[in-house]
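Chain residues, written in single-letter form:
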Amino acid sequence: MFQTSFKYYKSKNPPPTFENVLVIGMDHPNLHESEPLRHIDGSNCLGLKPPREWKVYELSTRPGLLLLANPFTCEGQRHWMMRSLVDYPMSPNTTNQSNIAQLNQDVGDSWWETLRSIPDVTERRKFAKQLRWVTLGYQYDWTNKVYDETRKESFPSELASLVRYVATVLRYERYSPEAAIVNYYPIGSTLAGHTDHSEDDQIAPLFSFSFGQPAVFLIGGATREERPDAVLLRSGDIVVMTGASRQCYHAVPRVFTDSELVEEMGHSAKRWNATDSLMVQRIDETWREVEQYIQYSRININVRQVLRENQLTLQAAS
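If you're wondering where the values come from, they're calculated on a predicted model, not measured in any experiment.

Peer 1: When you look at the overall build of the protein in this model, what are you seeing that I'm missing?
Peer 2: A count of helices and strands for the protein gives nine helices and 15 strands. Buried positions account for 54% of the 318 residues belonging to the protein. In the protein, of all internal contacts separated by at least 6 residues, the share reaching a separation of at least 24 is 77%. If you sum the accessible surface of the protein, you get close to 15,200 Å²; carbon and sulfur atoms cover 48% of it.

In structure tokens, the structure reads:
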């Protein structure tokens, strides 16, 4: 069932329809507004609107799956896109291109500066599409699907503050962000169905932030035999997998353009253009280049708590 849905939304010929895709915030019998949030101060510095303006929904068919309808300001979205492209792909964080960079004298620690230095637009876009993931904090071993205490880097403090703030508003006060995978999706790319079970703590929520172009997100059950729900994720939306949903199969079968979304559903994903505050010239110049990238890409930051409460290291668990 899961794979059938995945292939349906991935298909290019014929393309899928979006009539059964849930849109966060719109009336739907399976989307229920969640319990009242904690109203705390401090959101402005993180690019978030005040919690009283947030809309949080739970998907009744997947208990524990929380969907936040873009709580970011336009400037906040721009900020986190820039962080994802300019700062996070730098050493000592690991990327899918790290081994190539070590062998290639021309590729230094700054992926962003290398991208900017490519004069030809076609070659620049080709280079940009090669970046697919970055790991933050505990560096994930993709081959053995484990975390390693000897490969633990400092988790970005600003991102940690963002996730802790969202977690506290949602009443997960003890959440500790310790690892993140930043995924970069060119238009047309996919992420196959999987569960996240490498963390020692498999109960703490998983936080997923979407920026840029829209995507179809599939969330199924504990096995691949269950038919999944399809959810539209647009720029700024947040998915929080808690409770039973934390162990559910999920996937991204389709990343597409805002223009295609408007054509098919009458909705726009482009939520980051308007300026809600003045920015210094240097940031404006960087933003213009980031916006060029984001016209054909989606960025997803997913954050996990690796250790159980009161657990200090991975070695202690073993």
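Peer 1: Just to check I follow, could you spell out the packing of aromatic side chains for this structure?
Peer 2: How two aromatic rings sit relative to each other is given by the distance of their centres and the angle of their planes. Under the counting rule described, the total for this entry stands at 15 aromatic pairs. An angle of 85° between the planes, with centres 5.2 Å apart, marks the rings of Tyr140 and Trp142 as edge-to-face. Taken together, the aromatic side chains of Trp111, Trp112, Phe127, Tyr293 and Tyr296 make up a single cluster linked through ring pairs. A cation over a ring is seen here: Arg125 above Tyr296, with NZ or CZ 4.1 Å from the ring centre.

Peer 1: Help me understand the pattern of salt bridges, please; the structure alone is not making it clear to me.
Peer 2: When the charged atoms of two side chains with opposite charge come close together, those side chains can pair. Applying the stated criterion across every chain yields a total of 13 salt bridges. The partner of Arg83 in a salt bridge is Glu158, with the nearest N and O atoms 3.0 Å apart. Note that Arg83 is positioned in helix 2 (residues 74–87) and Glu158 in helix 6 (residues 157–169), a separation of 75 residues in sequence. Residue Arg116 pairs with Glu289 through a salt bridge whose shortest N-O separation is 2.9 Å. Linking Arg116 in helix 4 (residues 111–116) with Glu289 in helix 8 (residues 281–294), this pair joins segments that are 173 residues apart in sequence. Assessed through its relative accessible area of 26%, Glu289 is described here as partly exposed. The network of salt bridges with shared partners includes Asp196, Glu199, Arg246 and Arg304.

Peer 1: Where do I start with the side chain of Ser297 in this structure?
Peer 2: By secondary structure assignment, the location of Ser297 is in strand 15 (residues 297–304). By relative accessible area, Ser297 is classed as buried at 2%. Looking at Ser297, its side chain comes within polar contact range of the main-chain oxygen of Tyr293, at 3.3 Å. In contact with Ser297, not counting residues within four places along its chain, are Tyr185, Pro186, Ile187, Gly212 and Gln213.

Peer 1: What is the right way to read the sheet that holds strand 12 (residues 229–233) from this model?
Peer 2: Adjacent strands of a sheet form backbone hydrogen bonds with each other and so pair up, either parallel or antiparallel. If you trace the five strands from one edge of the open sheet to the other, you get 1-12-11-14-9, paired in mixed fashion. Of all strands in the sheet, those with a lone pairing partner are strand 1 (21–23) and strand 9 (191–194), marking the two edges. When the angles between neighbouring strand axes are averaged without regard to direction, this sheet yields 30°.

Peer 1: Honestly, the environment of Ile118 in this entry has me stumped. Any pointers?
Peer 2: Within the element layout of this structure, Ile118 appears in the loop between helix 4 and helix 5 (121–129). On the basis of relative accessible area, Ile118 is assigned to the buried category, the value being 17%. With residues near it in sequence (within four places) discarded, Ile118 still touches Glu123, Arg124 and Phe127.

Peer 1: What is the right way to read the nonpolar core from this model?
Peer 2: Taken as a class, soluble globular proteins show a tendency for nonpolar side chains to be buried jointly. If you look at the biggest cluster of nonpolar residues, it comprises 51 residues, and the most contacted ones within it are Leu159, Phe207 and Phe209. The element best represented in this core is helix 6, accounting for eight residues. Not counting residues up to four positions away in its chain, the partners in contact with Leu159 are Trp80, Tyr88, Leu136, Ala180 and Ile301. Counting residues in each nonpolar core, the second largest holds 19 residues, with Leu67, Tyr185, Ile219 and Val252 among its members.

Peer 1: Any chance you could explain the environment of Glu291 here in plain terms?
Peer 2: In this fold, Glu291 is placed in helix 8. Classification of Glu291 as buried rests on a relative accessible area of 16%. Glu291 sits 209 residues away from Met82 along the chain, and the two C-alpha atoms are 9.1 Å apart.

Peer 1: Sorry if this is basic, but what is going on with the side chain of Asn300 here?
Peer 2: Relative to the helices and strands, Asn300 resides in strand 15. Among the polar contacts listed, one links the side chain of Asn300 to the backbone oxygen of Phe209, at a separation of 3.1 Å. In contact with Asn300, not counting residues within four places along its chain, are Ile181, Val182, Asn183, Tyr185, Ser208, Phe209 and Ser210.

Cut-off values and rules
- Counting restarts for each chain, with residues numbered from 1 along the sequence as it is written.
- Since the coordinates come from a predicted model, pLDDT governs what is reported: local features require at least 70, and pairs of side-chain atoms require 80 or more to be given and counted, while whole-chain, interface and lining totals use all residues.
- Heavy atoms from the whole structure form the basis of all side-chain values; hydrogens and water molecules are not counted.
- Think of it this way: any DSSP run of H or I at least four residues long counts as a helix, any run of E at least two long counts as a strand, and we number them from the N terminus.
- Each residue is assigned to one of three classes by its accessible area relative to the maximum for its type, calculated with a 1.4 Å probe on protein chains only: buried under 20%, partly exposed between the two thresholds, exposed over 50%.
- Any two residues whose heavy atoms approach within 4.5 Å are treated as being in contact.
- Using a 1.4 Å probe, accessible areas were evaluated by the Shrake-Rupley method; residue-level cover was limited to the displayed protein chains.
- Pairing of aromatic rings covers Phe, Tyr and the six-membered ring of Trp, with a centre-to-centre limit of 6.5 Å; geometry is then stacked below 30 degrees between planes, edge-to-face above 60, and tilted otherwise.
- Two conditions define a charge sitting above a ring: the NZ of Lys or the CZ of Arg must be within 6 Å of the ring centre, and it must be within 35 degrees of the ring normal.
- The salt bridge definition used is simple: a Lys or Arg side-chain nitrogen within 4 Å of an Asp or Glu carboxyl oxygen.
- We define a polar contact as two N or O atoms separated by no more than 3.5 Å, with the added condition that, inside protein, one atom must be a possible hydrogen donor and the other a possible acceptor, whereas residues neighbouring each other in sequence contribute only through side-chain atom pairs.
- Here the rule is simple: two strands pair whenever DSSP picks up at least two bridges between them.
- Working convention: axes come from line fits to C-alpha atoms, limited for helices to the stretch in contact. Angles between N-to-C directions cover 0 to 180 degrees.
- In plain words, nonpolar cores are sets of buried Ala, Val, Leu, Ile, Met, Phe, Trp, Tyr and Cys residues tied together by side-chain atoms within 4.5 Å.

In short, shape yes, function no, at least from these values alone.
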